[in-house]
Amino acid sequence: TQLLEQSPQFLSIQEGENLTVYCNSSSVFSSLQWYRQEPGEGPVLLVTVVTGGEVKKLKRLTFQFGDARKDSSLHITAAQPGDTGLYLCAGGETGTASKLTFGTGTRLQVTL
Amino acid sequence: ETGVTQTPRHLVMGMTNKKSLKCEQHLGHNAMYWYKQSAKKPLELMFVYNFKEQTENNSVPSRFSPECPNSSHLFLHLHTLQPEDSALYLCASSPQDGSYEQYFGPGTRLTVT
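Residues numbered from 1 in each chain as written. Chains lettered and ligands numbered in written order. Predicted model: local features only at pLDDT ≥ 70, side-chain atom pairs only at ≥ 80, totals over all residues. Heavy atoms only, no water.

Asker: What's the story with the overall build of chain A in this structure? I'm lost.
Answerer: Helices and strands together make up the secondary structure of chain A, namely zero helices and eleven strands. In terms of C-alpha radius of gyration, chain A reaches 13 Å, essentially the compact-globule figure of 13 Å for 112 residues. If you line up chain A on its principal axes, its C-alpha atoms span 45 × 30 × 20 Å. Looking at chain A residue by residue over its 112 residues, the buried ones come to 47%. (Helix = DSSP H or I, 4+ residues; strand = E, 2+ residues; numbered from the N terminus. Rg over C-alpha atoms; globule rule 2.2 N^0.38 Å. Buried < 20%, exposed > 50% of the residue type's maximum accessible area, 1.4 Å probe, protein only.)

Asker: Which parts of the structure should I look at to understand the pairing of strand β7 (residues 61-65) of chain A?
Answerer: Along a regular strand, successive side chains alternate from one face of the sheet to the other. Residue and element names in this part refer to chain A. The alternating pattern of β7 places Leu 61, Phe 63 and Phe 65 on a buried face, while none of Thr 62 and Gln 64, on the opposite face, is buried. Where strand β6 (residues 55-58) meets β7, four bridges bridge the pair, whose relative direction is antiparallel. Counterpart to Lys 57 in the pairing with β7 is Thr 62. Linking two consecutive strands that pair antiparallel, namely β6 and β7, is a turn of two residues; a positive phi of about 55° is found at Lys 59 within it. Note: β7 against strand β8 (residues 71-76), five bridges, orientation antiparallel. Residue pairing for β8: Phe 63 is matched across the bridge by Leu 74. (Pairing = 2+ DSSP bridges.)

Asker: Just to check I follow, could you spell out the nonpolar core for this structure?
Answerer: Note that soluble globular proteins tend to have their nonpolar side chains buried in a common cluster. Ranked by size, the top nonpolar core spans 22 residues in total, and within it Trp 34, Phe 64, Leu 76 and Leu 78 of chain B carry the most contacts. Elements with a contribution of two residues or more to this core: β2 (10-13), β3 (18-25), β4 (31-37), β5 (44-50), β7 (64-70), β8 (73-79), β9 (87-94) and β11 (108-112) of chain B. (Core = buried A, V, L, I, M, F, W, Y, C linked by side-chain atoms within 4.5 Å.)

Asker: Looking at this structure, I do not really get the interface of chain A and chain B. What am I missing?
Answerer: A common measure of how large an interface is: the accessible area buried when the components associate. Contact residues are listed per partner, giving 22 residues for chain A and 21 residues for chain B. For the pair chain A and chain B, the interface holds zero salt bridges. Mapped onto the side of chain A that touches chain B, the elements with two or more residues apiece are β4 (29-37), β5 (44-49), β9 (85-93) and β10 (100-102) of chain A. Here the side of chain A that touches chain B gets five residues from one element, more than from any other, and that element is β4 of chain A. In the side of chain A that touches chain B, the residues fall into eight nonpolar, eleven polar and three charged. (Contact = heavy atoms within 4.5 Å. Salt bridge = Lys/Arg side-chain N within 4 Å of Asp/Glu carboxyl O. Nonpolar A, V, L, I, M, F, W, Y, C, P; charged D, E, K, R; others polar.)

Asker: Even after reading the chapter, I still don't get the state of the cysteines, so can you show me in this structure?
Answerer: A disulfide bridge is the covalent bond that connects two cysteines by way of their sulfur atoms. Residue and element names in this part refer to chain A. Across all of its chains, the model carries two disulfides over all chains by this definition. Across a sulfur-sulfur distance of 2.1 Å, Cys 23 and Cys 89 are joined as a disulfide pair. Its torsion about the S-S bond being 75°, the disulfide of Cys 23 and Cys 89 is classed as right-handed. A residue pair is termed long-range when its members are at least 10 positions apart, and Cys 23 in strand β3 (residues 19-24) and Cys 89 in strand β9 qualify at 66 residues. With respect to class, Cys 23 is no different from Cys 89; both count as buried. (Disulfide = S-S within 2.5 Å.)

Asker: Would you mind showing me how to read the sheet that holds β7 of chain A here?
Answerer: Through backbone hydrogen bonds, the strands of a sheet pair up, either in parallel or in antiparallel fashion. All names here are of chain A. A sheet is described by the order of its strands in space; here five strands give the open sequence β1-β3-β8-β7-β6, paired in antiparallel fashion. A single partner strand is all that each edge strand has here, and the edge strands are β1 (5-7) and β6. Pairs of neighbouring strands in the sheet enclose a mean axial angle of 15°, with direction left out of account. (Axes fitted to C-alpha atoms, helices over the stretch in contact; angles between N-to-C directions.)

Asker: Teacher, can you tell me more about the packing of aromatic side chains here?
Answerer: The description of two aromatic rings rests on the distance between their centres and on the angle between their planes. Per the stated rule, a full pass over the model turns up seven aromatic pairs over all chains. Taking 5.5 Å as the distance between ring centres and 85° as the angle between the ring planes, the aromatic pair formed by Phe 102 of chain A and Tyr 35 of chain B counts as edge-to-face. Residue Phe 102 of chain A is found in strand β10, and its partner Tyr 35 of chain B is found in strand β4; the two belong to separate chains. The pair formed by Phe 102 of chain A and Tyr 35 of chain B is uniform in burial state, with each residue classed as buried. When the ring of Tyr 35 of chain B is compared with that of Phe 104 of chain B, the centres are 5.3 Å apart and the planes differ by 45°; the resulting orientation is tilted. One end of the pair, Tyr 35 of chain B, is in strand β4; the other, Phe 104 of chain B, is in strand β10 (residues 103-104), and 69 residues separate them in sequence. Grouping residues by exposure puts Tyr 35 of chain B and Phe 104 of chain B together as buried. (Phe/Tyr/Trp six-rings, centres within 6.5 Å; stacked < 30°, edge-to-face > 60°.)

Written out as structure tokens, the structure reads:
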């Protein structure tokens, strides 16, 4: 069974601070996705990375896929209250393209 | 409507009841998924359907019975559930089996009493 461990599990910061969330595994993934889930809603896809070492930016969010495609990070610059939510990474398994393994989640709270 | 919709949004049922969860996607996708999200556990894949055919059953107990009459609709029939089955049940769709990008519905919050 492939596992994706996210750290930290919980993060409470003030508006304007920077933060990084990590997603680690001992397994290689074909792709890595990041989702954000708000209370009472389903996860919303933020980004997909497929190439080792790939970096993608989405406004204040920077996503990186590890060179060996076993890990990923999400960096948020100048966090805002609207960034509050549960951040989930998900790995696409090699050979079973549609099966995603989800990470343990990082719950972020950004306060004024 | 657009995206992925799920009904009901909340459901309370006894252990002897039979109920069904409904999912509908308006994205023209061909693959649909059921997930279970419990507190303190990662999102768990339950079933995958591709072009109406079940391609994945992730060792789900038989008290959960999926049905996919067409590429736009997915049901999860529930009977004789246990309290530990209480969770958020999420439906998702993707363009086709093999596409990593999945689009989720808002979920059904199920409580088994």
